[in-house]
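If you want the building blocks of each chain, they are given just below.
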Amino acid sequence: MRHGQGAGGDALEPARGLTTVDAAFLFSALASGGAIGLILGLIGGGGSIVAVPLLVYFVGVRSPHMAIGTAAVAVALNAVAGLAGHARAGTVKWPCALVFAAAGAAGAALGAEAGKALDGTRLLALFGLMMVVVGVAMLRPRRSPENAGVRLRRDTAGHLLPRLIPAGLAVGLLAGFFGIGGGFLILPALIFATGMPMRNAVGTSLVVVAALGLTTAASYALSGYIDWVLVALLVAGGAAGALAGIALGKRLARSRRALEIGFAALVIAMGGYVVWQGI
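Residues numbered from 1 in each chain as written. Predicted model: local features only at pLDDT ≥ 70, side-chain atom pairs only at ≥ 80, totals over all residues. Heavy atoms only, no water.

Broken down by element type, the protein chain carries 10 helices and 0 strands. Counting across all 279 residues of the protein chain, residues that qualify as buried make up 48%. In the form shown here, the protein chain has an accessible surface area of approximately 12,900 Å², with 68% of it arising from carbon and sulfur atoms. (Helix = DSSP H or I, 4+ residues; strand = E, 2+ residues; numbered from the N terminus. Buried < 20%, exposed > 50% of the residue type's maximum accessible area, 1.4 Å probe, protein only. Areas by Shrake-Rupley, 256 points an atom, 1.4 Å probe, with all protein chains shown as cover.)

Right under this line is the structure:
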């Protein structure tokens, strides 16, 4: 990996794992992946939003752009892994997924370029602000799948396109800019645009998350902003963490809302810290 200046002005330095794979780096990378996987297994999402702060402040990735690019790869791989089960269960609405994903990928490509052009410190501060907003939004009670009894509208594709395309483009811009999966935005956008039930929106959203993550990752990879050794360690740790999270989640099923509130508080606290560091 070469040294130099990144597009956003921050030093394009390799993570420590590319030069000296020491015990501290291995532990922090595997532990971060485990934490991300544990969150995904416990509450079914949200792991990607804590990935960048963990990579910067715990693993020690010096470039915010490198952290975002590396996290985008992990987000895409997690979405692909989760998509397989939903596809087999038939919960994915493929026509809506492909239209939304195509528009979102275009937005993610533009958002990633804008993110890389921004100074790394400012980008990280904006990321922290986004975390605070997302955390506050997560504190609002969500409609349960049992109450989301609407059916997919029988409208023609032409009637749905005016809603799907702008929503996909807007979500893609944010996901590409911050290098996140954007599931917390994709789910309500899909339900608003199509009226599909929550169980279908969850499966369909994974197609979009994978598309946005791959688009963002490709953009950052072309600029050399991905630490592939770190990606492998995150995936390894994430697999173990997800298994533990799923098992623990079954035991704490009755406390799911409490877990979500606790995670939202954690996201707000981490976001506030990131903003403070940026300022």
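Time to look at the pattern of salt bridges. Under the definition given, this model contains 1 salt bridge. With its nearest N and O atoms 3.0 Å apart, the salt bridge here joins E113 to K116. Placement of both E113 and K116 in helix α4 (residues 94-117) is noted, with a separation of 3 residues, approximately one turn of the helix. Accessibility expressed as a relative area gives 44% for E113, which makes it partly exposed. (Salt bridge = Lys/Arg side-chain N within 4 Å of Asp/Glu carboxyl O.)

A word on a nonpolar patch on the surface. Taken together, the side chains of L38, L248 and L252 make up a nonpolar region of the molecular surface, amounting to roughly 190 Å² of accessible area. Mapped onto the elements, L248 comes out in helix α9 (residues 228-251). Note on L248: relative accessible area 35%, which makes it partly exposed. (Patch = residues over 30% accessible without salt bridge, like charges linked within 9 Å, V, L, I, M, F, W, Y side chains within 5 Å.)

Within the largest apolar cluster, 42 residues are counted, with the highest numbers of intra-cluster contacts made by I49, V50, V52, L55 and L230. Mapped onto this core, the elements with two or more residues apiece are α1 (23-43), α2 (47-59), α3 (64-89), α5 (120-138), α6 (157-178), α8 (198-222), α9 and α10 (256-278). The dominant element in this core, judged by the number of residues it contributes, is α2, at 8 residues. Among all residues touching V52, those that are not within four sequence positions of it are A67, I68, A71, L124 and F127. V92, C96, L164 and L187 belong to the second-largest nonpolar core, a separate cluster that totals 30 residues. (Core = buried A, V, L, I, M, F, W, Y, C linked by side-chain atoms within 4.5 Å. Contact = heavy atoms within 4.5 Å.)

Our next topic: the packing of α4 against α8. Two numbers describe how α4 lies on α8: the axes approach to 8 Å, and their chain directions differ by 30°. Taken together, the axes of α4 and α8 are roughly parallel relative to one another. Considering the relative orientation of α4 and α8, their crossing is right-handed. Of the residues in α8, those in contact with W94, A97, F100, A101, G104, A105, A108, A109, A112, E113, G115 and K116 of α4 are T204, V207, V208, A211, L212, T215, T216, S219 and Y220. Across the contact of α4 with α8, the residue classes tally to 13 nonpolar, 6 polar and 2 charged. (Axes fitted to C-alpha atoms, helices over the stretch in contact; angles between N-to-C directions. Parallel < 35°, antiparallel > 145°, perpendicular 65-115°, else oblique. Left-handed = near helix turned anticlockwise from the far one by under 90°. Nonpolar A, V, L, I, M, F, W, Y, C, P; charged D, E, K, R; others polar.)

Our focus in this paragraph is the packing of aromatic side chains. A complete count under the given rule lists 5 aromatic pairs for this structure. Residues Y57 and Y273 carry aromatic rings whose centres are separated by 5.3 Å and whose planes lie at 75° to one another, so their mutual orientation is edge-to-face. Taken as a pair, Y57 in helix α2 and Y273 in helix α10 lie far apart in primary sequence, 216 residues in all. Clustering of aromatic rings is evident, with ring pairs tying together Y57, Y273 and W276. (Phe/Tyr/Trp six-rings, centres within 6.5 Å; stacked < 30°, edge-to-face > 60°.)

What follows concerns the environment of M130. Assignment of secondary structure puts M130 in helix α5. As for M130 and L174, which are separated by 44 residues in sequence, their C-alpha atoms are 9.7 Å apart. Excluding anything up to four places from it in sequence, M130 contacts I49, F178, I180 and F184.

Moving on, we get to the packing of α2 against α3. One can describe the packing of α2 onto α3 by two numbers: an axis separation of 9 Å at closest approach and a directional angle of 140°. One element, α2, and the other, α3, form an angle in the oblique class. Two packed elements cross with a definite hand, and for α2 against α3 that hand is right-handed. Seen from α2, the contacting residues are S48, A51, V52, L55 and V56; seen from α3, they are A67, I68, T70, A71 and V75. In terms of residue class, the contact of α2 with α3 is built from 8 nonpolar, 2 polar and no charged.

Glancing now at α8. Taking 1.5 Å per residue, 25 residues should reach 36 Å; α8 reaches 36 Å between its end C-alpha atoms and fits that length. A large share of α8 lies buried, amounting to 18 of its 25 residues. (Expected span 1.5 Å × (residues − 1).)

Here α3 is 26 residues long and its end C-alpha atoms lie 38 Å apart, about the 38 Å a rise of 1.5 Å per residue gives. At L83, α3 shows its maximal bend, which comes to roughly 30°. Phi turns positive one or two residues past the end of α3, at G90, with a value near 75°. (Bend = angle between axes of the 7 residues up to and from the residue.)

With respect to the helices, strands and loops of the structure, V52 is situated in helix α2. With a relative accessible area of 0%, V52 lands in the buried category.

This brings us to the side chain of T91. The residue T91 is located in the loop between α3 and α4 in this model. Each residue touching T91, except ones within four places of it in the same chain, is listed here: H86, R199, N200, G203 and T204.

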